[in-house]
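Analysis of the macromolecular model
The chain contents come next:
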Protein chains: 2
Amino acid sequence: MGALFYFYLMKAIVLPEKYARPSYVEVPQPVKSDEMETLSVKTCALNHRDLWIMKGQYAGLKYPIIPGSDACAYRGSERVVINPGMFWGVDERVQDKQFQILGLPMDGTFAERVNVPADNIYPAPEHLDDAEAAAIGLAGVTAFRALVSRCMPVQGERLLVTGIGGGVALFVLQIGLAFGLEVYVTSSRPEKLNKALAMGASGGVLYSTPEWETNLKERCSEGFDIIVDGYAGASFAKLVQLARPGGRIAVYGGTGGKMSDIVPQQIFWKQISIYGSTMGSQDDFAGFLALVNEKKLKPVIDSVYRLQNTDAAFQRMESQDQFGKIVLRVSDI
Amino acid sequence: MGALFYFYLMKAIVLPEKYARPSYVEVPQPVKSDEMETLSVKTCALNHRDLWIMKGQYAGLKYPIIPGSDACAYRGSERVVINPGMFWGVDERVQDKQFQILGLPMDGTFAERVNVPADNIYPAPEHLDDAEAAAIGLAGVTAFRALVSRCMPVQGERLLVTGIGGGVALFVLQIGLAFGLEVYVTSSRPEKLNKALAMGASGGVLYSTPEWETNLKERCSEGFDIIVDGYAGASFAKLVQLARPGGRIAVYGGTGGKMSDIVPQQIFWKQISIYGSTMGSQDDFAGFLALVNEKKLKPVIDSVYRLQNTDAAFQRMESQDQFGKIVLRVSDI
């Protein structure tokens, strides 16, 4: 009887090394500790972060790693969700140095069991099924902090959300509508614009056309009170131009790279505020969850895969066709 | 007896046309109206705005114009100062469309008499002489809004002020010290750094050296809680890098031109806030004046000229040698 028999094994998705595709394997279950609770994962959901870790494009990489920040799980008989931002600390303004996101460096949710600090475990909203409950964590808290905690929206204001279709952008749209905002969106795909309009957006433009900002100005001539952007890059200077006097712009991502050619006179004469925002504190997560429960918000689900088909789920994300969250079913029970 | 005799004449500085030097002439006195009070100007002070108007580099130019936004003046026997930001409106976040600055399009303070809305007239601080009282208005309210109203400093925080020597930057330094901040400065001239250190700054670096931001990092390794900048341009991306997690950056000017190569990951991961700020509301001005009175702040005076020598005063500003405000003496009485 060797040492191996002291471990219980579980099914999990492992990224074995940089650039390698996700692999469905058996690994030892996480060990319970005083600081962490062990949850049984029912469903989990992909974020772009998982894809970037697979592609080796993320800070603090380590392999092998079980990715995954989001889950619907059980603590005993209690159905729970997770705030994936751990050890934020006491300053609402910014996370502590020890802050980390579930799924790197600690093993994440793409497994039958996951360890999570007790503080980060919240009751799952009852109106959401298991797939929906898995889909709200990272994207939801990021959207809530960027739009609500940072930009402090007021009913009737005009909101522009760039790149509709991603998890964060869709939650920004839904939270914006819940706050009574008039929401406009951009996308590179006409079908994504149409879906956003069906959800309640007042208008949308294709950012792949050269005249996209002229089209937006026509739709909203006074400019936007709030803009929430996850792209940055060269188009950010145009967002500054599209902002109304007194406008607020939240930036939660930078897939478009460096921001250039921003005209400072537009920033100071219009008294623009630009807010960097990432993830969220426990207060942000609790605020988001309260809103989800009060307004019975449901995340948009793009597709559901079985855990053993995680590679297909990653391919779906890589195709950029997704509209909403990509969910993995870990256990069929 | 011609129509001319219905006007009282006064001495004034007039910018007759684009690019023309200031000219000391006799012009009709302003006519009293219900909305405006006519003040007798004792002293007034230059701002870069006046220079830009002379050079034709300002929005909404019109000539001939009497420039000047700042003054120490008399309303009857009461010694007063002026908030040069007029018709701000009710929104503390941003000025109304009808907002304007004294000295364009309305005639300004470089004259024996000036018309000002009653709301913009405040008692002159008693501890200031006439030259000092003329020097606080535009620069002071701009500095107060950018640093205090926008960045909300807390005692003990570290503040970086770029381009020390200009009127706004010097007030940011003084207000920062009054709030108990640890203040660092940049300049292109060693003698300006030394003067700032003598005023209470904790450190300073020459931004004309290529390693200026490395030098600053050595002096303040944790980064700056607050940065107040009137330059923008290519160096702004370095300010984002120098900001501490949770840091706030106020931008009140853009002489350096467009901002480029800003790394979005630094903005969102550090949860940076960038605040455009210009001029100030009546609340900002009243807050500034209360601080001046409470802390007995005195503006730094670079030099004093007689009104007839205004061209020499403009030349002094053009030389970029100034450290503090350039004042004009209108009346010797």
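Please read these numbers as outputs of a predicted model, since none were measured by experiment. (Residues numbered from 1 in each chain as written. Chains lettered and ligands numbered in written order. Predicted model: local features only at pLDDT ≥ 70, side-chain atom pairs only at ≥ 80, totals over all residues.)

Right, let's talk about the environment of Leu102 of chain A for a bit. Residue and element names in this part refer to chain A. In this structure, Leu102 sits in the loop between strand 7 (100–101) and strand 8 (113–117). With 27 C-beta atoms packed within 10 Å, Leu102 lands in the buried category. Sequence separation between Leu102 and Gly203 is 101 residues, and the spatial gap between their C-alpha atoms is 35 Å. Discounting chain neighbours no more than four positions away, the residues touching Leu102 are Ser69, Ile82, Pro84, Met86, Gly108, Thr109 and Val116. (Helix = DSSP H or I, 4+ residues; strand = E, 2+ residues; numbered from the N terminus. Buried ≥ 20, exposed ≤ 12 C-beta atoms within 10 Å, placed from the backbone. Contact = placed C-beta atoms within 7 Å.)

Residues and elements named next belong to chain A. Here helix 5 (residues 190–199) has its buried residues at Lys192, Leu193, Lys195 and Ala196. Looking down the long axis of helix 5, one finds its buried residues gathered within 165° of arc, a one-sided arrangement. Turned more than 90 degrees away from the buried face of helix 5 sit Pro190, Glu191 and Ala198, all of them exposed. For helix 5, the secondary structure elements touched by its buried residues are helix 4 (167–178), strand 11 (182–187) and strand 12 (203–206). Count one or two residues on from helix 5 and you reach Gly200, which has phi positive near 125°. (Arc of directions from axis to C-beta.)

Counting 200 residues, the largest nonpolar core has Val172 of chain A together with Val172 of chain B as the members making the most contacts within it. With near-sequence residues (within four places) excluded, Val172 of chain A lies in contact with Ala143, Ala146, Leu147, Val161 and Val228 of chain A. (Core = buried A, V, L, I, M, F, W, Y, C linked by C-beta atoms within 7 Å.)

Right, let's get into the relation of the copies chain A and chain B. By a simple turn and slide, chain A fits onto chain B: the slide is 0.0 Å along the axis, the RMSD is 0.0 Å, and the turn is 180°. Such a combination of rotation and displacement between the chain copies is what one expects of a two-fold axis. Taking C-alpha positions as reference, the residue of chain A nearest the rotation axis is Ser260 of chain A, located at 1.9 Å. Of the interface residues in chain A, 100% have counterparts in chain B that sit at the interface too, so the contact is made through matching surfaces. (Least-squares fit on C-alpha atoms with pLDDT ≥ 70 in both.)

With 30 residues of chain A in contact, the opposing surface of chain B contributes 30 residues. Those elements that provide at least two residues to the side of chain A that touches chain B are strand 14 (243–251), helix 8 (264–269) and strand 15 (273–276) of chain A. Ranked by the residues each element gives to the side of chain A that touches chain B, the list is headed by helix 8 of chain A, at five residues. Residues that form the side of chain A that touches chain B fall into these classes: 15 nonpolar, 10 polar and five charged. Where strand 15 of chain A lies against strand 15 (residues 273–276) of chain B, three bridges are found, and the strand directions are antiparallel. Looking across to strand 15 of chain B, one finds that Ile274 of chain A is bridged to Ile274 of chain B. (Nonpolar A, V, L, I, M, F, W, Y, C, P; charged D, E, K, R; others polar. Pairing = 2+ DSSP bridges.)

So, about the environment of Gln282 of chain A. Positionally, Gln282 of chain A belongs in helix 9 (residues 282–295). Excluding its chain neighbours within four sequence positions, the residues that come into contact with Gln282 of chain A are Asn83, Trp88 and Asp119 of chain A.

This paragraph deals with the packing of helix 3 (residues 137–150) of chain B against helix 9 (residues 282–295) of chain B. Residues and elements named next belong to chain B. With their axes 9 Å apart at the nearest point, helix 3 and helix 9 run at an angle of 95° to one another. When the axis of helix 3 is compared with that of helix 9, the two are roughly perpendicular. Where helix 3 approaches helix 9, its residues Gly140, Val141, Phe144, Arg145, Val148 and Ser149 are matched on the opposing element by Asp284, Phe285, Gly287 and Phe288. When grouped by side-chain class, the residues that make up the contact of helix 3 with helix 9 number five nonpolar, three polar and two charged. (Axes fitted to C-alpha atoms, helices over the stretch in contact; angles between N-to-C directions. Parallel < 35°, antiparallel > 145°, perpendicular 65-115°, else oblique.)

All names here are of chain A. Assigned domains within chain A: domain 1 (7–136 + 299–329) and domain 2 (143–276). The C-alpha centroid of domain 2 is placed 28 Å from the C-alpha centroid of domain 1. Contact residues are listed per partner, giving six residues for domain 1 and five residues for domain 2. Each residue belonging to the side of domain 1 that touches domain 2 can be placed in one class, and the counts come to two nonpolar, three polar and one charged. (Domains from an automatic or database assignment.)

Our focus in this paragraph is the environment of Phe224 of chain A. All names here are of chain A. Among the structural elements, Phe224 can be located in strand 13 (residues 224–229). Under the C-beta neighbour-count criterion, Phe224 is labelled buried, with 24 such atoms within 10 Å. Considered as a pair, Phe224 and Pro245 are 21 residues apart in the sequence and their alpha carbons are 8.7 Å apart. Excluding anything up to four places from it in sequence, Phe224 contacts Arg158, Leu159, Leu160, Leu242, Ala243, Arg244 and Gly247.

Taken in spatial order, the 12 strands line up as 12(A)-11(A)-10(A)-13(A)-14(A)-15(A)-15(B)-14(B)-13(B)-10(B)-11(B)-12(B) in an open sheet, and their pairing is mixed. The two strands at the open ends of the sheet, each matched to only one other strand, are strand 12 of chain A together with strand 12 (203–206) of chain B. Here the strands of the sheet are splayed against their neighbours by 15° on average, with no regard to which way each runs. In this fold helix 5 of chain A packs onto strand 11 and strand 12 of chain A, with an angle of close to 170° to the strand it touches most, strand 12 of chain A.

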